[in-house]
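Architecture at a glance
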Amino acid sequence: EPEVTQTPSHQVTQMGQEVILRCVPISNHLYFYWYRQILGQKVEFLVSFYNNEISEKSEIFDDQFSVERPDGSNFTLKIRSTKLEDSAMYFCARGLARGELFFGEGSRLTVL
Amino acid sequence: SQQGEEDPQALSIQEGENATMNCSYKTSINNLQWYRQNSGRGLVHLILIRSNEREKHSGRLRVTLDTSKKSSSLLITASRAADTASYFCATVPGSGGGADGLTFGKGTHLIIQP
(Lines give C-alpha, C1' and ligand atoms only; values in the text may rest on other atoms or scores of the structure.)
Protein backbone atom coordinates (compact mmCIF):
# COMPACT_ATOMS: atom_id res chain seq x y z
CA GLU A 1 0.00 0.00 0.00
CA PRO A 2 1.49 3.37 -0.94
CA GLU A 3 2.46 5.49 2.00
CA VAL A 4 1.29 8.92 2.94
CA THR A 5 4.15 11.38 2.58
CA GLN A 6 4.42 14.26 5.01
CA THR A 7 6.67 17.30 4.91
CA PRO A 8 8.51 18.70 6.69
CA SER A 9 9.59 15.91 9.00
CA HIS A 10 10.57 18.47 11.62
CA GLN A 11 9.89 22.19 11.85
CA VAL A 12 11.03 24.61 14.49
CA THR A 13 9.22 27.90 14.66
CA GLN A 14 8.83 30.92 16.89
CA MET A 15 5.63 31.47 18.80
CA GLY A 16 3.18 33.52 16.77
CA GLN A 17 4.50 32.37 13.40
CA GLU A 18 2.39 30.65 10.77
CA VAL A 19 3.15 27.04 9.95
CA ILE A 20 2.00 24.92 7.03
CA LEU A 21 2.31 21.16 7.19
CA ARG A 22 1.90 19.19 4.00
CA CYS A 23 0.68 15.76 3.17
CA VAL A 24 0.56 13.87 -0.09
CA PRO A 25 -1.86 10.96 0.17
CA ILE A 26 -0.99 8.75 -2.71
CA SER A 27 -4.22 6.91 -3.28
CA ASN A 28 -7.80 7.20 -4.34
CA HIS A 29 -9.10 7.32 -0.80
CA LEU A 30 -11.70 9.99 -0.31
CA TYR A 31 -11.23 10.70 3.37
CA PHE A 32 -8.26 12.55 4.76
CA TYR A 33 -7.49 13.31 8.34
CA TRP A 34 -5.15 15.26 10.57
CA TYR A 35 -4.25 14.03 14.02
CA ARG A 36 -1.78 15.31 16.55
CA GLN A 37 0.17 13.66 19.33
CA ILE A 38 1.73 15.72 22.07
CA LEU A 39 4.90 14.03 23.29
CA GLY A 40 4.09 11.02 25.42
CA GLN A 41 0.35 11.47 25.09
CA LYS A 42 -2.38 9.91 23.04
CA VAL A 43 -3.19 10.59 19.43
CA GLU A 44 -5.94 13.21 19.10
CA PHE A 45 -8.28 13.74 16.18
CA LEU A 46 -8.18 17.23 14.68
CA VAL A 47 -10.19 17.23 11.46
CA SER A 48 -11.49 15.08 8.63
CA PHE A 49 -11.77 16.20 5.05
CA TYR A 50 -14.08 14.67 2.49
CA ASN A 51 -14.91 15.71 -1.02
CA ASN A 52 -12.71 18.78 -0.68
CA GLU A 53 -14.33 20.15 2.41
CA ILE A 54 -14.19 19.73 6.17
CA SER A 55 -16.45 16.92 7.30
CA GLU A 56 -15.79 16.71 11.03
CA LYS A 57 -13.57 18.63 13.42
CA SER A 58 -12.71 18.37 17.08
CA GLU A 59 -12.68 21.01 19.78
CA ILE A 60 -8.94 21.31 19.30
CA PHE A 61 -9.43 22.48 15.71
CA ASP A 62 -10.20 26.11 16.48
CA ASP A 63 -9.94 29.22 14.32
CA GLN A 64 -6.15 29.01 14.42
CA PHE A 65 -6.28 25.90 12.26
CA SER A 66 -7.31 25.45 8.66
CA VAL A 67 -7.03 22.70 6.06
CA GLU A 68 -6.90 22.84 2.32
CA ARG A 69 -6.38 20.66 -0.67
CA PRO A 70 -5.16 23.42 -2.94
CA ASP A 71 -4.15 21.48 -6.02
CA GLY A 72 -6.07 18.24 -5.73
CA SER A 73 -3.14 16.28 -4.38
CA ASN A 74 -1.42 18.08 -1.53
CA PHE A 75 -3.39 18.26 1.69
CA THR A 76 -2.25 21.00 4.05
CA LEU A 77 -2.75 21.90 7.68
CA LYS A 78 -2.12 25.53 8.52
CA ILE A 79 -1.66 26.91 12.00
CA ARG A 80 -2.02 30.65 11.77
CA SER A 81 -0.29 31.86 14.92
CA THR A 82 1.51 29.09 16.73
CA LYS A 83 1.50 28.72 20.49
CA LEU A 84 3.86 26.78 22.70
CA GLU A 85 1.17 24.17 23.28
CA ASP A 86 0.98 23.47 19.54
CA SER A 87 4.28 21.63 19.84
CA ALA A 88 3.45 18.06 18.85
CA MET A 89 3.68 15.44 16.14
CA TYR A 90 1.10 16.03 13.45
CA PHE A 91 -0.05 13.03 11.48
CA CYS A 92 -1.89 12.99 8.20
CA ALA A 93 -3.96 9.92 7.40
CA ARG A 94 -6.11 8.65 4.58
CA GLY A 95 -8.77 6.03 4.48
CA LEU A 96 -12.23 4.93 3.58
CA ALA A 97 -15.36 5.62 5.61
CA ARG A 98 -15.10 3.95 9.01
CA GLY A 99 -12.24 1.77 7.85
CA GLU A 100 -8.58 1.42 8.61
CA LEU A 101 -6.44 4.49 8.30
CA PHE A 102 -3.04 4.79 6.69
CA PHE A 103 -0.85 7.24 8.51
CA GLY A 104 2.15 9.22 7.41
CA GLU A 105 5.33 9.32 9.44
CA GLY A 106 4.35 12.66 10.91
CA SER A 107 5.68 16.18 11.09
CA ARG A 108 7.25 17.17 14.37
CA LEU A 109 6.45 20.78 15.22
CA THR A 110 8.48 22.55 17.87
CA VAL A 111 7.29 26.00 18.91
CA LEU A 112 9.82 28.10 20.81
CA SER B 1 -12.03 7.34 31.87
CA GLN B 2 -12.04 8.37 28.25
CA GLN B 3 -13.10 6.48 25.15
CA GLY B 4 -10.48 3.91 24.34
CA GLU B 5 -8.33 3.33 27.39
CA GLU B 6 -5.70 0.64 27.36
CA ASP B 7 -4.21 -1.23 30.18
CA PRO B 8 -1.61 -1.87 31.25
CA GLN B 9 0.14 1.38 30.44
CA ALA B 10 3.42 -0.49 30.18
CA LEU B 11 4.26 -4.15 29.81
CA SER B 12 7.64 -5.82 29.78
CA ILE B 13 7.95 -9.52 28.92
CA GLN B 14 10.54 -11.99 27.70
CA GLU B 15 10.85 -12.85 24.05
CA GLY B 16 8.70 -15.81 23.19
CA GLU B 17 6.05 -15.06 25.80
CA ASN B 18 2.56 -13.90 24.95
CA ALA B 19 1.54 -10.27 25.49
CA THR B 20 -2.01 -9.26 26.30
CA MET B 21 -3.29 -5.71 26.24
CA ASN B 22 -6.78 -4.55 27.08
CA CYS B 23 -8.88 -1.66 25.93
CA SER B 24 -12.10 -0.26 27.35
CA TYR B 25 -14.41 2.27 25.76
CA LYS B 26 -17.56 4.10 26.77
CA THR B 27 -19.87 4.77 23.83
CA SER B 28 -21.32 2.56 21.12
CA ILE B 29 -18.99 1.70 18.29
CA ASN B 30 -19.09 0.70 14.67
CA ASN B 31 -15.71 -0.95 14.92
CA LEU B 32 -12.57 -1.02 17.02
CA GLN B 33 -9.07 -0.97 15.61
CA TRP B 34 -5.61 -1.63 16.96
CA TYR B 35 -2.54 0.29 15.84
CA ARG B 36 1.14 -0.01 16.55
CA GLN B 37 3.55 2.89 16.85
CA ASN B 38 7.29 2.52 16.95
CA SER B 39 9.06 5.31 18.79
CA GLY B 40 8.89 8.56 16.85
CA ARG B 41 7.15 6.95 13.89
CA GLY B 42 3.68 6.91 12.40
CA LEU B 43 0.88 4.57 13.39
CA VAL B 44 0.49 1.29 11.60
CA HIS B 45 -2.88 -0.40 11.37
CA LEU B 46 -2.90 -3.94 12.77
CA ILE B 47 -6.44 -5.19 12.83
CA LEU B 48 -10.06 -4.05 12.72
CA ILE B 49 -12.93 -5.81 14.46
CA ARG B 50 -16.52 -4.85 13.81
CA SER B 51 -19.15 -4.50 16.51
CA ASN B 52 -20.87 -7.70 15.39
CA GLU B 53 -17.66 -9.73 15.58
CA ARG B 54 -16.31 -11.35 18.72
CA GLU B 55 -12.88 -12.53 17.69
CA LYS B 56 -10.46 -11.98 14.87
CA HIS B 57 -7.02 -13.34 14.01
CA SER B 58 -4.19 -12.01 11.92
CA GLY B 59 -0.93 -13.92 12.03
CA ARG B 60 0.31 -13.82 15.64
CA LEU B 61 -2.39 -11.33 16.61
CA ARG B 62 -5.68 -12.22 18.19
CA VAL B 63 -8.28 -9.59 18.99
CA THR B 64 -11.46 -10.09 20.98
CA LEU B 65 -14.37 -7.73 21.40
CA ASP B 66 -17.01 -7.81 24.10
CA THR B 67 -19.58 -5.13 23.34
CA SER B 68 -21.56 -5.91 26.51
CA LYS B 69 -18.50 -5.00 28.57
CA LYS B 70 -17.30 -2.39 26.10
CA SER B 71 -13.87 -3.93 26.04
CA SER B 72 -11.37 -5.45 23.67
CA SER B 73 -8.13 -7.32 24.06
CA LEU B 74 -5.10 -7.72 21.83
CA LEU B 75 -3.00 -10.84 22.22
CA ILE B 76 0.40 -11.10 20.58
CA THR B 77 1.65 -14.66 20.69
CA ALA B 78 5.28 -15.78 20.63
CA SER B 79 6.53 -12.23 21.02
CA ARG B 80 9.68 -11.00 19.28
CA ALA B 81 12.03 -8.13 20.02
CA ALA B 82 10.64 -6.36 16.95
CA ASP B 83 7.22 -6.25 18.63
CA THR B 84 8.56 -3.61 21.01
CA ALA B 85 6.32 -0.61 20.39
CA SER B 86 3.30 1.27 21.70
CA TYR B 87 -0.06 -0.26 20.94
CA PHE B 88 -3.23 1.81 20.70
CA CYS B 89 -6.83 0.89 20.41
CA ALA B 90 -9.08 3.25 18.50
CA THR B 91 -12.83 3.32 18.10
CA VAL B 92 -15.14 4.42 15.32
CA PRO B 93 -18.47 5.64 16.70
CA GLY B 94 -21.62 3.68 16.04
CA SER B 95 -23.51 6.75 14.91
CA GLY B 96 -22.53 9.71 12.82
CA GLY B 97 -21.11 10.12 9.37
CA GLY B 98 -18.39 8.15 7.71
CA ALA B 99 -15.76 10.80 8.24
CA ASP B 100 -15.75 10.54 12.02
CA GLY B 101 -12.26 10.49 13.36
CA LEU B 102 -10.89 7.63 15.35
CA THR B 103 -10.77 8.09 19.11
CA PHE B 104 -7.51 6.71 20.42
CA GLY B 105 -6.60 5.48 23.84
CA LYS B 106 -3.40 6.37 25.64
CA GLY B 107 -1.67 3.20 24.57
CA THR B 108 0.25 0.34 26.06
CA HIS B 109 4.01 0.53 25.79
CA LEU B 110 5.25 -3.00 25.19
CA ILE B 111 8.87 -3.95 25.73
CA ILE B 112 10.09 -7.36 24.64
CA GLN B 113 13.26 -8.39 26.44
CA PRO B 114 15.56 -10.52 24.27
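Residues numbered from 1 in each chain as written. Chains lettered and ligands numbered in written order. Predicted model: local features only at pLDDT ≥ 70, side-chain atom pairs only at ≥ 80, totals over all residues. Heavy atoms only, no water.

**A look at the environment of Glu56 of chain A**
Note the threshold: Put simply, DSSP H or I for four residues or longer makes a helix, DSSP E for two residues or longer makes a strand, and each gets a number counted from the N terminus.
Residue placement: Glu56 of chain A occurs in strand E6 (residues 53-57). When the C-alpha atoms of Glu56 of chain A and Leu46 of chain A are compared, they prove to be 8.5 Å apart, with 10 residues separating the residues in sequence.

**Describing the interface of chain A and chain B**
Put simply, the rule is: Two residues form a contact once any of their heavy atoms are found within 4.5 Å. Here the quantity called buried area is the total loss of accessible area, with a 1.4 Å probe, experienced by two parts when brought into contact, counted for both. The term salt bridge refers to a pairing of a side-chain nitrogen on Lys or Arg with a carboxyl oxygen on Asp or Glu at a separation within 4 Å.
Contact residues are listed per partner, giving 20 residues for chain A and 27 residues for chain B. Note on chain A versus chain B: buried area summed over both sides is about 1900 Å², and carbon and sulfur give 50% of it. Put simply, chain A and chain B have one salt bridge between them. With its nearest N and O atoms 2.6 Å apart, the salt bridge here joins Glu105 of chain A to Arg41 of chain B.

**Considerations on the pattern of salt bridges**
Residue and element names in this part refer to chain B. Rules: Burial here depends on accessible area, computed with a 1.4 Å probe over protein chains only, as a share of the maximum for the residue type. Under 20% is buried, over 50% is exposed, and the range in between is partly exposed.
On inspection of all chains with the given rule, the structure shows five salt bridges over all chains. One salt bridge in this structure joins Glu53 and Lys56, with 3.9 Å as the shortest N-O distance. With relative accessibility at 25%, the residue Glu53 sits in the partly exposed group.

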